[in-house]
Amino acid sequence: MSVDSVFVHKMWNENELSKMVKGGVPYAMLSDGGGKVGTSLGVYNEDAGVENRGRFIIDPDGIIQGYEVLTPPVGRNVSETLRQIEAFQLVRKSKGTEATPSGWKPGKMTLKPGPDLVGKVWEVWKTDIAVDD
Amino acid sequence: MAEKKQVGCARPTGGPVGQPEKIPEDGTPQILKEVQRMVQVGKPAPDFVAPAYHKGEFTSVKLSDYLGKWVVLCLYPGDFTFV
């Protein structure tokens, strides 16, 4: 979503993006002329008249589980977004009985919060888990 | 989910979907200024309708049509910018 019109989206997809991604962008390119939606999310940059680089993860109940907002010159990391989605999906599937500690990736250990874990996280979670190899 | 739209000369617009504006009982005019406020995690995403371009068609997308699915919503400064 950007403040550009759907006509500009079409041109951008046909003239540039389809040269990066075969077949062009597979998902919907939304238009937010005037930044009304961006304003409702808190990411519209009124001075510049454009959206800040905002990314929202919204769960099946319509609840915002996470967001990231960057200034224009720095791009996102798609792998990190996918990691967060997998983590939120795991937590949701466990109905909140499991939590993903810092550095969690699919396949790595989760925490099962409860009385027995209080003060014992140091036994199961080490700081080297927090950073990628 | 997304409906196909007829293309006219007018630039399609959309916007937030929600509560209708409240008019004060004494009828005094209000100065409306949207307050920039970041949404909160754990709270519902504000619903919206937005014109869209999707696989060669001009459509319209309503966020609440995607209830039951995980959604990643990305905003960016502009088409043909560099990052």
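It should be emphasised that the depicted structure is a prediction, and the values quoted were computed from it without experimental measurement. (Residues numbered from 1 in each chain as written. Chains lettered and ligands numbered in written order. Predicted model: local features only at pLDDT ≥ 70, side-chain atom pairs only at ≥ 80, totals over all residues. Heavy atoms only, no water.)

1. Concerning the domain arrangement of chain A
Here the domain parsing of chain A yields domain 1 (6–78) and domain 2 (94–132). Taking the mean C-alpha position of each, domain 1 of chain A and domain 2 of chain A sit 32 Å from one another. (Domains from an automatic or database assignment.)

2. A closer look at the interface of chain B and chain A
With 47 residues of chain B at the interface, the matching set in chain A holds 61 residues. If you sort the residues of chain B by the area they bury against chain A, Tyr53, Trp70 and Leu75 of chain B come out on top, with a joint share of 18%. Joining chain B to chain A, the criterion identifies zero salt bridges. Across the contact surface, chain B and chain A share 18 residue pairs in polar contact (both at pLDDT 80 or more). Looking at the side of chain B that touches chain A, the elements that each hand over two or more residues are strand 2 (15–16), strand 3 (48–54), strand 4 (57–62) and strand 5 (71–74) of chain B. Among the elements that make up the side of chain B that touches chain A, the one with the highest residue count is strand 3 of chain B (six residues). A breakdown of the residues in the side of chain B that touches chain A according to their chemical character gives 29 nonpolar, 10 polar and eight charged. Alignment of strand 1 (residues 29–30) of chain A against strand 3 of chain B, held across two bridges, turns out to be antiparallel. In the strand pairing of strand 3 of chain B, Met29 of chain A is matched with Tyr53 of chain B. (Contact = heavy atoms within 4.5 Å. Buried area = accessible area lost by both parts, 1.4 Å probe. Salt bridge = Lys/Arg side-chain N within 4 Å of Asp/Glu carboxyl O. Polar contact = N/O pair within 3.5 Å; in protein donor to acceptor, adjacent residues only side chain to side chain. Helix = DSSP H or I, 4+ residues; strand = E, 2+ residues; numbered from the N terminus. Nonpolar A, V, L, I, M, F, W, Y, C, P; charged D, E, K, R; others polar. Pairing = 2+ DSSP bridges.)

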